[in-house]
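# Commentary on secondary and tertiary structure
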Amino acid sequence: MFKTRLVSALIVISVVAAACSDDSNSTSPSNTSGTATTAEAAVPGDSTPGATTPVDTQQGGVLVVAQSADPTSLNPYRFGSTNDRSIITNMFDTLVEFDLNSYEIVGSLAEKWSASEDGLDWTFNLRDGVTFHDGSTFDAADVVASIERAQAPESGRTTSLLTRVESVEAIDDLTVEVHLTEPDRILPLTLIDVYITPEDDSIDQGATPVGTGPFMFVSAEANQQVVLERNPNYWVEGLPHLDGIEFRTIPDATVQSLQIRTGDVDVLASAPLGEIGALQSAGVQIIGPADGFNSGFYHFHTNTRREPWSNQAVRQAASGALDRTAIARSLFGFMQVLSNPMEVRQDFFNADAMSYTTQDLDRSASLMAEAGFADGVDGGELIVCDLGFQFTTLAQLVQLQLAEVGINVEIQVLDVGTYVARTLGDDAGNFDLALCGMVPKPNEYDLLNHPYAKLFTKALGWIDQKPEFYTLLEDARSMTDDADYAAAIAELQVMAMEGQPEIIIGGMISPLAAVQGIDGLLAHTQGHLFLKNVTKQD
């Protein structure tokens with residue numbers, strides 16, 4: 001077995017980029033997957049994700065945020081990219097959410113929640129006095145409608161995770177019961193992705209979004225910007241601090257870097273790695289996730305329904321051919337060196353599962369010969385999401401390193417909309433290899449569900465080869481015994497690391513960039529922005 005090496009985000013940022021660090025104590029993510037008995041939210045404001053705000057808080061100002069692409073959708077049940085979610089998160093609330101310092105689940109629109117002893121019935125007690133942006137009152141009927149929308153087949157992100165929800169019932173205006181067909185350890189985790197919208201079906205959430213969030217939709221102009229304004233009736237007293245937000249579409253990383261250095265924009269949603277040095281020299285803040293967390297994973301899908309990627313030995317050879325340490329250096333150290341997504345959760349990491357973290361060209365060559373491709377093979381097309389320098393750099397490095405073991409691929413860089421269509425949309429599965437980034441929740445279940453199942457089941461096609469993986473993954477959600485659950489998570493890693501339908505290149509470290517005077521900003525592990533705590537000094 002190969003030795004695993006995990007380059008921590010803190011070391012990477014402090015040594016390679018000399019970025020700002022958080023002086024607070026680091027906290028490991030709690031195991032939020034177990035069936036809860038009772039949970040209560042913190043006092044409103046205390047449970048707000050993100051960094052705390054100074055007592056003497058600056059109010060007002062419009063925050064200008066640069067993103068690399070237009071949102072593909074503003075509908076909270078239909079979005080497909082991080083750019084979408086950064087906007088959506090600031091217009092909508094959920095029943096529960098992550099605390100961004102500890103990644104514990106805390107209350108949002110739900111003040112407290114509990115589960116029955118058999119795990120089949122969950123009760124959520126809702127906050128009183130909350131209103132939507134259109135002035136209507138938030139109540140249990142809105143929660144029922146929102147969960148049912150999130151169950152719809154077209155709500156791809158949440159549909160498969162809500163299949164155990166048999167019914168949702170409004171007991172009274174401020175009480176909702178969720179009835180399950182079988183226990184579900186990850187229900188609270190899933191509800192982090194279920195945004196609450198009004199019961200009224202006449203609202204076009206894609207065109208004129210209406211939520212309860214800290215900011216309200218004003219306008220959207222294609223290839224230009226999306227404008228939000230402060231919600232004066234937000235349910236957390238004193239928030240948000242800003243008067244509004246402008247999300248500007250600036251595809252070119254060099255232009256983004258120039259505009260933040262000149263003060264034309266305040267925040268870069270993803271700091272271009274090639275510009276980090278110039279940004280720091282100009283006094284721009286570089287802000288990473290809370291200590292001990294990453295921002296997701298760099299990866300490439302393999303289409304296991306197409307040759308040669310239907311051959312497990314070829315997939316193993318490709319993963320073993322990657323020099324992840326060299327790749328991390330090419331990204332200025334802003335990548336964790338790992339091949340198993342569970343390496344970020346050492347309490348669930350299975351060291352007995354196969355590892356590809358250390359490059360092994362001899363083994364990869366033997367695997368290629370075993371697969372019948374000793375003289376090489378055409379690996380087809382590697383499609384790449386056009387989300388910045390790091391993705392094109394990764395694609396070129398992957399192409400070169402696969403060629404070392406005789407796998408030849410052609411690179412095609414695609415705009416985000418086209419990439420999403422070919423991996424998640426109606427055209428899903430129209431690729432040989434597909435390279436981008438993914439942002440699972442920092443929870444042991446989602447670290448397996450997100451890369452190998454969830455939205456990517458159809459794209460990977462591995463369910464045809466390894467249905468038992470998907471059966472065990474589904475069964476694990478019902479396991480009430482913690483030892484049985486841990487054993488299932490360990491076995492799932494064995495299968496995933498042997499099968500390699502999804503090749504994890506490494507852990508993403510995606511810092512934000514902000515001008516001086518921006519406070520209360522903390523990077524989310526899934527890459528999107530929570531801005532209700534942010535202040536802007538003149």
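Residues numbered from 1 in each chain as written. Predicted model: local features only at pLDDT ≥ 70, side-chain atom pairs only at ≥ 80, totals over all residues. Heavy atoms only, no water.

## Details of the nonpolar core
- Grouped together as the largest cluster of nonpolar side chains are 87 residues, with contacts concentrated most on I407, I505 and L531.
- Contact partners of L531, with chain neighbours within four places excluded, come to L63, V65, N90, F215, L242, I245, F247 and L521.
- Core analysis: the second largest hydrophobic core is formed by 76 residues, V165, F293, L492 and L522 among them. (Core = buried A, V, L, I, M, F, W, Y, C linked by side-chain atoms within 4.5 Å. Buried < 20%, exposed > 50% of the residue type's maximum accessible area, 1.4 Å probe, protein only. Contact = heavy atoms within 4.5 Å.)

## Digging into the pairing of strand β6 (residues 121–126)
- Where strand β5 (residues 110–115) and β6 come together, five bridges link them in antiparallel fashion. From the neighbouring strand, A110 faces β6, where its bridge partner is L126.
- Connecting β5 to the next strand, β6, in antiparallel fashion are five residues, including G119 with a positive phi near 75 degrees. (Pairing = 2+ DSSP bridges. Helix = DSSP H or I, 4+ residues; strand = E, 2+ residues; numbered from the N terminus.)

## Some thoughts on the state of the cysteines
- For the coordinates displayed, the defined rule picks out one disulfide.
- A sulfur-sulfur distance of 2.1 Å marks the disulfide that ties C385 to C436. Torsion about the S-S bond of the C385 and C436 cystine: about 100 degrees, corresponding to right-handed handedness. Placement of C385 in strand β16 (residues 377–385) and of C436 in strand β18 (residues 433–438) is noted, with a sequence separation of 51 residues between them. (Disulfide = S-S within 2.5 Å.)

## Remarks on the packing of helix α8 (residues 312–321) against helix α10 (residues 361–370)
- Contact geometry of α8 with α10 gives a least axis separation of 8 Å together with a crossing angle of 160 degrees. In terms of orientation, α8 lies roughly antiparallel with respect to α10. As α8 packs across α10, the resulting crossing turns out to be left-handed. Counted together, A313, V314, Q316, A317, G320 and A321 of α8 and L361, R363, S364, L367, M368 and E370 of α10 form the full contact between these two elements.
- When the residues that make up the contact of α8 with α10 are grouped by side-chain class, the tally is seven nonpolar, three polar and two charged. (Axes fitted to C-alpha atoms, helices over the stretch in contact; angles between N-to-C directions. Parallel < 35°, antiparallel > 145°, perpendicular 65-115°, else oblique. Left-handed = near helix turned anticlockwise from the far one by under 90°. Nonpolar A, V, L, I, M, F, W, Y, C, P; charged D, E, K, R; others polar.)

## Some thoughts on helix α11 (residues 389–403)
- Between its first and last C-alpha, α11 extends 21 Å over 15 residues, near the 21 Å set by a 1.5 Å rise per residue.
- Buried within α11 we find Q390, F391, T393, L394, A395, L397, V398, Q401 and L402. (Expected span 1.5 Å × (residues − 1).)

## A short note on the side chain of N449
- Tracing the chain through its elements places N449 in helix α13 (residues 446–452).
- Judged by relative accessible area, N449 falls into the buried class, the value being 5%.
- Non-local contacts of N449, meaning those with residues more than four positions away in its chain, are made with L161, K454 and L473.

## Some words on the sheet that holds strand β12 (residues 267–268)
- Read from one edge to the other, the open sheet built from seven strands follows the order β9-β10-β11-β2-β12-β20-β13, with strand pairing classed as mixed. The open sheet is flanked by β9 (215–221) and β13 (285–287), the only strands paired with a single partner.
- Note that strand β10 (residues 225–230) and strand β11 (residues 244–249) share five bridges and pair antiparallel. Across the sheet, the residue bridging to V226 is F247, located in β11.

## Some words on the environment of F373
- Mapped onto the secondary structure, F373 falls in the loop between α10 and β16.
- Sequence separation of F373 and P308 is 65 residues, and the distance between their C-alpha atoms is 9.3 Å.
- Contact partners of F373, with chain neighbours within four places excluded, come to P308, V314 and M368.

## Here's the deal with the pattern of salt bridges
- For the coordinates displayed, the defined rule picks out 19 salt bridges.
- Between K441 and D193 there is a salt bridge; the shortest N-O distance is 2.7 Å. Placement of the pair is K441 in the loop between β18 and α13 and D193 in the loop between α5 (187–191) and β9, with a sequence separation of 248 residues.
- A relative accessible area of 1% places K441 in the buried class.
- K466 serves as the salt-bridge partner of E468, at 3.3 Å between the closest nitrogen and oxygen.
- Among the residues examined, E468 registers a relative accessible area of 40% and is labelled partly exposed.
- The network of salt bridges with common partners includes R164, E182, D184, E474 and R477. (Salt bridge = Lys/Arg side-chain N within 4 Å of Asp/Glu carboxyl O.)

## Quick notes on the sheet that holds β16
- Spatial ordering of the open sheet is given by β15-β19-β14-β18-β16-β17, a layout of six strands whose pairing is mixed. The strands lining the two open edges of the sheet, one partner per strand, are β15 (335–336) and β17 (407–414).
- Across eight bridges, β16 lies against β17 in parallel orientation. Of the residues in β17, the one forming a bridge with G380 is V409.
- Along the sheet, α11 makes contact with β14 (297–302), β16, β17, β18 and β19 (502–508), crossing β17 at roughly 165 degrees.
- Contacts from helix α12 (residues 416–423) reach β14, β16, β17 and β18, with the element oriented near 125 degrees to β16.

## Examining the side chain of H299
- For H299, the location among the structural elements is in strand β14.
- Overall, H299 belongs to the buried group, its relative accessible area being 2%.
- A distance of 2.8 Å separates polar atoms of two side chains, one belonging to H299 and the other to E502.
- The contacts of H299, once residues within four sequence positions are left out, are Y419, A434, L435, C436, G437, M438, E502, I503, I504 and I505. (Polar contact = N/O pair within 3.5 Å; in protein donor to acceptor, adjacent residues only side chain to side chain.)

## Side note on the packing of helix α15 (residues 467–476) against helix α16 (residues 482–499)
- Where α15 meets α16, the closest approach of the two axes is 10 Å, and the angle between their N-to-C directions is 155 degrees. Taken together, α15 and α16 sit at an angle that is classed as roughly antiparallel. Remark: the crossing between α15 and α16 carries left-handed chirality. When α15 is examined against α16, the residues E468, F469, L472, L473 and A476 are found in contact with a partner set consisting of Y485, A488, E491, L492, M495 and A496.
- When the residues that make up the contact of α15 with α16 are grouped by side-chain class, the tally is nine nonpolar, no polar and two charged.

## Some remarks on the confidence of the model for the chain
- Residue-level pLDDT values for the chain average 88, and 89% of them are 70 or greater.
- The low-confidence segment residues 41–55, where pLDDT is below 50, has 38 contacts with residues more than four positions distant or belonging to other chains. (pLDDT = per-residue confidence, 0-100.)

## Focus on α10
- Among the residues of α10, S364, L367 and M368 are the ones counted as buried. Here the buried residues of α10 occupy an arc of 100 degrees about the axis, which is enough to place them on one side. Those residues of α10 that are exposed and angled more than 90 degrees off the buried face are D362 and E370.
- Buried positions along α10 lie against α8, β16 and β17.
- Directly beyond the C-terminal end of α10, a positive phi value near 90 degrees is found at G372. (Arc of directions from axis to C-beta.)

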